[in-house]
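Chains, contacts and geometry: an overview
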Number of protein chains: 2
Amino acid sequence: MSKSTAVSPQAVHVAARNLFASQGYRGTSMKDIAQVLAVSAPSLYNHVPSKQDLLHSIMNVAMDRALGALSAALEGVTDVADQLRRATEVTVLDFLENPAEVTVCNTEIRSLEDPFRQAIIDKRDAYGRRILDIVERGCAAGTFDVAEPRVASFAILEMGNNAKAWFDPRGQYTAGEVAALYGSFALRIVGHREGVSP
Amino acid sequence: MSKSTAVSPQAVHVAARNLFASQGYRGTSMKDIAQVLAVSAPSLYNHVPSKQDLLHSIMNVAMDRALGALSAALEGVTDVADQLRRATEVTVLDFLENPAEVTVCNTEIRSLEDPFRQAIIDKRDAYGRRILDIVERGCAAGTFDVAEPRVASFAILEMGNNAKAWFDPRGQYTAGEVAALYGSFALRIVGHREGVSP
DNA sequence: CCTACCGATCGGTAGG
DNA sequence: CCTACCGATCGGTAGG
């Protein structure tokens, strides 16, 4: 379990992320993190200012990565159905490829104190807003047909959230194939003609 | 915030459920629970055996309620599309009407110790299995058209999970109307002809 | 239902 | 990077 050699802010970040995901923020002590890195707990404070800062850093890196991946996936894509498919795929891919960060973001917002807390909520809301924008534009263009774009966008964003819990990277499907399935579900939810997967 | 008079196992259960949902199991002390009930922390042990037992009780009650509601909703319903719509509606209704229990079930399985833990996981899996059964029967009957029934059933089960976070009981829609929207999404995901809501 | 109290553990600091 | 240590808090018990 331990992976000594070369303690760094990065290494502390990774150890904390994994422990926070499996045991929770309050269920993880600085000593637990230190043990993974084979050092004493006080030594961690040479690399990170506090446990709370560590939590914020983990969530902030995760949100920036997700927002960046969403932007990259939509670059140059003009068809609104393609946009929704790609946005859904990149969202699910992020869930599958970064299960620990996503778990921390999902379960530990309440453990974040308030200078940090609102900043993370704002980024999460910005992500949701971008999905909603796509759904609304598709409805306005007559490409989508769904009674409540806002509810539909929440459903799309949420439906893949727990895929990391059952997904097996060495199983029947690749992460990309699972993401493609969810992309087709998204198009079906918004009532786009032809939501069947490749 | 406090609600004194008549401390009972029930009252402790309710106070603990609300605090576990908002602050987490490890972030809630027995003293916190006692304060809501306006008694001292040791007094709680006259009503409940331990904090861990309290957590298990909250999750077990929630799972039994959800499983019972699912059975009741499906009673006498023979059409497989109606079954999926009703199962999805009752699932989302449960999420909206019991937000605190659902939050605890979603975030605190890791805080449950192992005699209790597996029993809760088994009940959760049984719930998911019943949704999957409906999707598989619909596919076998040719009523549904979806490439991966298993993935579809996970998506259906998950898509309403966070609805409690944005749903406002005094807002534009009733819980029943929101549930109906998700019911139509479920039918669309499985490729049933006509998934548009009433 | 209370006060008094137990051993254990926590995040973080001092000082080197 | 370490040991030694701080004040605070934890779940739970004793005893009434």
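Look above for the structure.
Structural notes, computed from the coordinates. Remember, it's a predicted structure, so these values are computed and weren't measured experimentally.

Attention now goes to the relation of the copies chain A and chain B. Under the fitted operation, chain A is carried onto chain B by 0.0 Å of movement along the axis and a turn of 180°, and the coordinates agree to an RMSD of 0.0 Å. Here the symmetry operator amounts to a two-fold rotation axis. Within chain A, methionine 159 of chain A has its C-alpha nearest the rotation axis, a separation of 1.9 Å. The overlap is high: 100% of the interface residues of chain A also sit at the interface in chain B, so the same surface is used on both sides.

Attention now moves to helix H9 (residues 175-189) of chain B. All names here are of chain B. End to end, H9 covers 21 Å across 15 residues, agreeing with the expected 21 Å (1.5 Å per residue, within 8%). Of all 15 residues in H9, 13 are buried, a share of seventy percent or more. Taken from the residues just after H9, glycine 191 is the one with a positive phi, measuring 75°.

Next up on the list: the protein's contact with DNA strand C. Taken together, 14 residues sit near DNA strand C, with Tyr45 and Lys51 of chain A together with Ser40, Ser43 and Asn46 of chain B positioned nearest. If you look at DNA strand C and keep only atoms within 4 Å of the protein, 63% of those are sugar or phosphate atoms. Within the contact set of DNA strand C, a phosphate oxygen lies 3.3 Å away from a backbone nitrogen or oxygen of threonine 28 of chain A. Taken together, the residues that form the surface near DNA strand C break down as six nonpolar, seven polar and one charged.

Taken together, the 34 residues of chain A in the interface contact 34 residues of chain B. Both sides together, the interface formed by chain A and chain B hides about 2,800 Å², and carbon and sulfur atoms give 61% of it. Considering only the surface of chain A that becomes buried against chain B, Arg110, Trp166 and Arg188 of chain A emerge as the three largest contributors, covering 24% of it. One can count two salt bridges joining chain A with chain B. Arginine 110 of chain B serves as the salt-bridge partner of glutamate 108 of chain A, at 2.8 Å between the closest nitrogen and oxygen. On the surface where chain A and chain B come into contact, there are 10 residue pairs in polar contact (both at pLDDT 80 or more). At the level of secondary structure, the elements contributing two or more residues to the side of chain A that touches chain B comprise helix H1 (9-23), helix H5 (99-107), helix H7 (149-159) and helix H9 (175-189) of chain A. For the side of chain A that touches chain B, the element with the highest residue contribution is H7 of chain A, accounting for seven residues. The residue inventory of the side of chain A that touches chain B, partitioned by class, reads 16 nonpolar, 10 polar and eight charged.

How each quantity is defined
Residues numbered from 1 in each chain as written. Chains lettered and ligands numbered in written order. Predicted model: local features only at pLDDT ≥ 70, side-chain atom pairs only at ≥ 80, totals over all residues. Heavy atoms only, no water. Least-squares fit on C-alpha atoms with pLDDT ≥ 70 in both. Contact = heavy atoms within 4.5 Å. Helix = DSSP H or I, 4+ residues; strand = E, 2+ residues; numbered from the N terminus. Expected span 1.5 Å × (residues − 1). Buried < 20%, exposed > 50% of the residue type's maximum accessible area, 1.4 Å probe, protein only. Near = heavy atom within 4 Å. Polar contact = N/O pair within 3.5 Å; in protein donor to acceptor, adjacent residues only side chain to side chain. Nonpolar A, V, L, I, M, F, W, Y, C, P; charged D, E, K, R; others polar. Buried area = accessible area lost by both parts, 1.4 Å probe. Salt bridge = Lys/Arg side-chain N within 4 Å of Asp/Glu carboxyl O.

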